[in-house]
Structure formats: C-alpha cells, structure tokens
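So the chains spell out like this:
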Amino acid sequence: MTDSKTPPIAAPASRRKPKADIETIGGRRLKPSTLMMGHGYDPTLSEGSLKPPIFLTSTFAFESAAAGKKFFEHITGKREGPADGLVYSRFNGPNQEILEDRLAVWDEADDSLVFSSGMSAIATMLLALVGQNDVIVHSGPLYAATETLIARILSRFGVSFLDFPAGATREEIDSMMDQAKALAAEKGGKVALVYLESPANPTNALVDVEAVRASRDAAFPGDQKPAIAIDNTFLGPLWQQPIKQGAELVVYSLTKYAGGHSDLVAGGVSGNQTLINIIRPMRNVIGTICDPNTAWMLLRSLETLELRMTRAGENAAKVCAFLKAHPKVEGLGYLGMIDDPRQQDIYNRHCSGAGSTFSLFIRGGEAESFRFLDALKIAKLAVSLGGTETLASHPAAMTHLSVPQERKDALGITDNLVRISIGIEDPDDLIADFDQALALV
Ligand SMILES: *Cc1c(COP(=O)(O)O)cnc(C)c1O
C-alpha cells in the first residue's frame, strides 16, 4: 500500500514532465536504439515502475471542470499544440502516447499516431486526407487490401485513382501527375494524395521517392500540394527512412518488423505535424487507435527492433548467398542482389539494408514449390513477415489467389514463386533446412 504522500499513478512524461527527457549527451544526439528504453516515460509518475504499467481504463478523471474544458478544446481542434491531458480511451492513452513518441524517433518524424492495424492506419489516413471527387496517385502494386480500399471502397464515394509501376522513371511519374491534374479538374476535385509502397510486394521493385518528390513539387508549385505518403512496412524503420527522400508521411503495419514476434496486429503513421494534426481528429472520431495492451507489447518490441532486424538482415544475406548458387533455384528477388542498374541506383540512394523478405523462384511450377514448402522443417508455412521466426508462403495460391491471371503475369507472380521472410534463428540451421527441402523438390 502507498501512503498519502505518494503520487498516484499518473500520466506519462509527454504531458507532466518532472524530469526532462534526455535526447542528447555532450552534444551527441542519442540513437533510436538507446532512446527505446526510456524516451517518453518517467518512472516517478508511476510508483517508480521501471516499465510503464498498462493503463486499462476507458476514461480519465479531470482535476477540475476547467481542466476538462481545456482538454476538450484540444480534442475538438479549438486549441493547437500537444494535448494537456487525457480524456477518453478512444482518443488516446498513456501507453499509446509513449509508443507514439518512440515510433516517431525512428523516422525523425515530428509526430506519430498508432492504430489497431496497418489497414486501419491506412484507412484513417485516406479518410482524413481524401474528399469527394478527389484523385489519388499511387505506385503499383500495393498491398492487396490497400488496393481494394482505394479502388473498390473509396470509389463508392467518388474518389478516383491513377497508378504508375513502382520502378517508374521521373518522366513516367511526371506524366502521371499531369494526367491526375487533368482528371481532378474534370471531376471538380483535387489531387489529394500521392501514395507509395516501396519495395512493392512481391516484386520487391523500389519506388524512386526522390523523383516522386521532385515531380510532385514541379507539378504543384503552389500551396495546394498533395501529400506524399509511403507504406514503409518492408524496410522500415531500420533500413529505409523515406522522410529523408521527401515523403511527408510514412505508414506502417506494426504487425510486421516493428512488432516482430508475430503476436500482435497494429499500425502507425509518422510524419509532418500539420498532416498528423489532420489525421488525429479522424482517428478520434472513428476509434481506430490501438489498445493499451498492444501498445505496451510494441514498446517491448521497439527495444529490440535494431537487434532483431539486424540479425534477420544478416541471416537473409547468408541464406540468399546459399540459395543463389543452388541448382534447383531459378532466381531470387532479393534487394541484396539487384540486377537492374536503375533499381540499384534507387537502392543506393534510399536504403541502408536489403531486408529479410525476398522472393525465391524454384525450378518448376506449383507442384515443385508446394513440395519445397511442405518439406520445410524450421520455416513455418504462413503469410505475414518480419517476425522472429522464418516464414514461407506461395503468393499465387495464397495472398494473391484472387488476382486476375493477366495482372499476376504483369507483376511476375508466377507459380514457382515462394515468398520468404527470414527470422533470427541460427543462419546455418536455416540453410540446412532450405538445403534438405530443395533436395526433395
Ligand atoms: C501487412 C501489411 C499491411 C496491412 O497491415 P495489417 O497490420 O495486417 O493491417 C499493409 N501494408 C503492407 C506492406 C503489409 O505488409
């Protein structure tokens, strides 16, 4: 029991800060892997608890009626700047606020928002930024559910889209911006958003974000610029930070590398404060925030993010070196082994690592690929990626089963394509597993 002088469990440092957050030492800016252990949380506010407690509450008590009014002025957008206090758990909570502070660190973003899934992050962002008769310009292919959301659901509300292939050149992107402007003018709307996904799944084609930024700025010289958002799930936040290449918003399925243990579903959006301030009220209205327990698990996950992703990336490099030389392997779609000089140039400018998710082309077709998948002993047969364990799946028969054949052909989703996400197991054990499974093909 605590005596009457002990302060109650209270809000995190983001709001009431008896201790300032340390972000630099001797002029040295601390790295994300250091900041993940304490940034945004002061134990003195929670009985000295080293780790933040999980705040399971649906609502927060106001100290006074005037304080309640002030908090609501933030929620309703009557007052700018960070909120002074928490109101209701559909809007925010202590665990989510700490998580948002830490997530923003990785991309050096102004601010972050966390969501109940990657898709709810994307949907909330789209609902906030796109209006009736507007046009979305996007790279292709996108995550299948994102394509569905844009092409089949937003279209019901008069939103149209134009897409360019992920590997497009500056000229091709320029031409798409011009077409989008013309289409928006014809429909009486605006070009509301440039939405990218890089690398694309399962082709691993990279988008030239710098070229997209230059093209967007040239096509929209005035103040009414469509924001550039990018799904950074596959390489972020460790191996790619697209805000540095000119994106204004980065979107995550935190379910993947950020969560990293295949035990939660969540999403995030990080970026420019003005845009985050537009997306937050939409999340407040529709309640797509992640729950406190998931936020707490993500805080734990972010502490080991660099360790996990580094190990997974090293493992993937070793496994791919083995697979590349194997006679039963027709080819690899791995960012550490790019053939195309233009793609290599984008990689050099945008990425600091090749990731651990790649495409493996087995000699043969579906039957040979299925034999390989069924023979794997360590790698689990499952969709998703970015977990501690190695996963393998067959896009043509699984994630992309409903994609029409001609689009599959265009995207190179062949029957001999196996998608692999390498985990943090011992690399030689993984190689032994792939070796014995290939022997049975
Ligand atoms: C998984 C994934 C999503 C969707 O995220 P959920 O957390 O499953 O909602 C979006 N984009 C990419 C690239 C993904 O891999």
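Residues numbered from 1 in each chain as written. Predicted model: local features only at pLDDT ≥ 70, side-chain atom pairs only at ≥ 80, totals over all residues. Heavy atoms only, no water.

- Within an unreviewed UniProt entry, the label attached to the protein reads Cystathionine gamma-synthase family protein, and the organism entered is Sphingorhabdus profundilacus.
- Recorded under Sequence similarities (unreviewed entry), the UniProt text for the protein is reproduced unchanged: "Belongs to the trans-sulfuration enzymes family."
- According to the UniProt record, the Cofactor (unreviewed entry) comment for the protein reads "pyridoxal 5'-phosphate". (UniProt positions renumbered as here; feature names shortened; annotations may be inferred.)

**Brief notes about the pairing of strand S8 (residues 249-253)**
Regular strands have side chains that alternate between both faces of the sheet.
Moving on, step 1. Of all five residues making up S8, five are buried, and the element is well covered by its neighbours.
Moving on, step 2. Bridging between strand S7 (residues 227-231) and S8 involves three bridges; their strand directions are parallel. Paired with Ala-229 across the bridge in S8 is Leu-249. (Buried < 20%, exposed > 50% of the residue type's maximum accessible area, 1.4 Å probe, protein only. Helix = DSSP H or I, 4+ residues; strand = E, 2+ residues; numbered from the N terminus. Pairing = 2+ DSSP bridges.)

**Topic: the site of the ligand**
Moving on, step 1. Close to the ligand lie Ser-117, Gly-118, Met-119, Tyr-143, Glu-197, Asp-231, Thr-233, Phe-234, Ser-253, Thr-255, Lys-256 and Ala-266.
Moving on, step 2. Within the backbone of Met-119, an N or O atom sits 2.8 Å from an oxygen atom of the ligand.
Moving on, step 3. At 2.6 Å from a nitrogen atom of the ligand is found a side-chain nitrogen or oxygen belonging to Asp-231.
Moving on, step 4. Compared with its free state, where it exposes 380 Å², the ligand has 92% of that area covered by protein. (Near = heavy atom within 4 Å. Polar contact = N/O pair within 3.5 Å; in protein donor to acceptor, adjacent residues only side chain to side chain. Areas by Shrake-Rupley, 256 points an atom, 1.4 Å probe, with all protein chains shown as cover.)

**Quick word on the layout of surface pockets**
Moving on, step 1. Considered as a void within the structure, the second largest pocket measures approximately 520 Å³ in volume.
Moving on, step 2. The class makeup of the residues in the lining of the second largest pocket is 14 nonpolar, 11 polar and four charged.
Moving on, step 3. Of the domains in this structure, domain 1 (88-300) and domain 2 (305-439) are the two that each give at least three residues to the lining of the second largest pocket. (1 Å grid on protein atoms, 1.4 Å probe; cavity = no way out; pocket = protein on both sides within 12 Å on 5 of 7 lines; lining within 4 Å. Points joined across faces, edges and corners; volume = space filled by probe spheres on them. Nonpolar A, V, L, I, M, F, W, Y, C, P; charged D, E, K, R; others polar. Domains from an automatic or database assignment.)

**A word on the UniProt feature "modified residue: N6-(pyridoxal phosphate)lysine" (unreviewed entry) in the protein**
Moving on, step 1. The positions UniProt marks with the feature "modified residue: N6-(pyridoxal phosphate)lysine" (unreviewed entry) are Lys-256.
Moving on, step 2. Checked against the element boundaries, Lys-256 lands in the loop between S8 and strand S9 (267-271).
Moving on, step 3. Residue Lys-256 is classed as buried on the basis of its relative accessible area, which comes to 11%.
Moving on, step 4. Residue contacts for Lys-256: discarding those within four places in its chain leaves Tyr-143, Thr-233, Ser-384, Leu-385 and Gly-386. (Contact = heavy atoms within 4.5 Å.)

**Looking at the environment of Gly-236**
Moving on, step 1. Take Gly-236: it is sitting in the loop between S7 and S8.
Moving on, step 2. Taking relative accessible area as the criterion, Gly-236 reaches 2% and is therefore assigned buried.
Moving on, step 3. For Gly-236 and Glu-368, which are 132 residues apart along the polypeptide, the C-alpha to C-alpha distance reads 33 Å.
Moving on, step 4. When neighbours within four sequence positions are excluded, Gly-236 is seen to be in contact with Tyr-252, Tyr-257 and Met-309.

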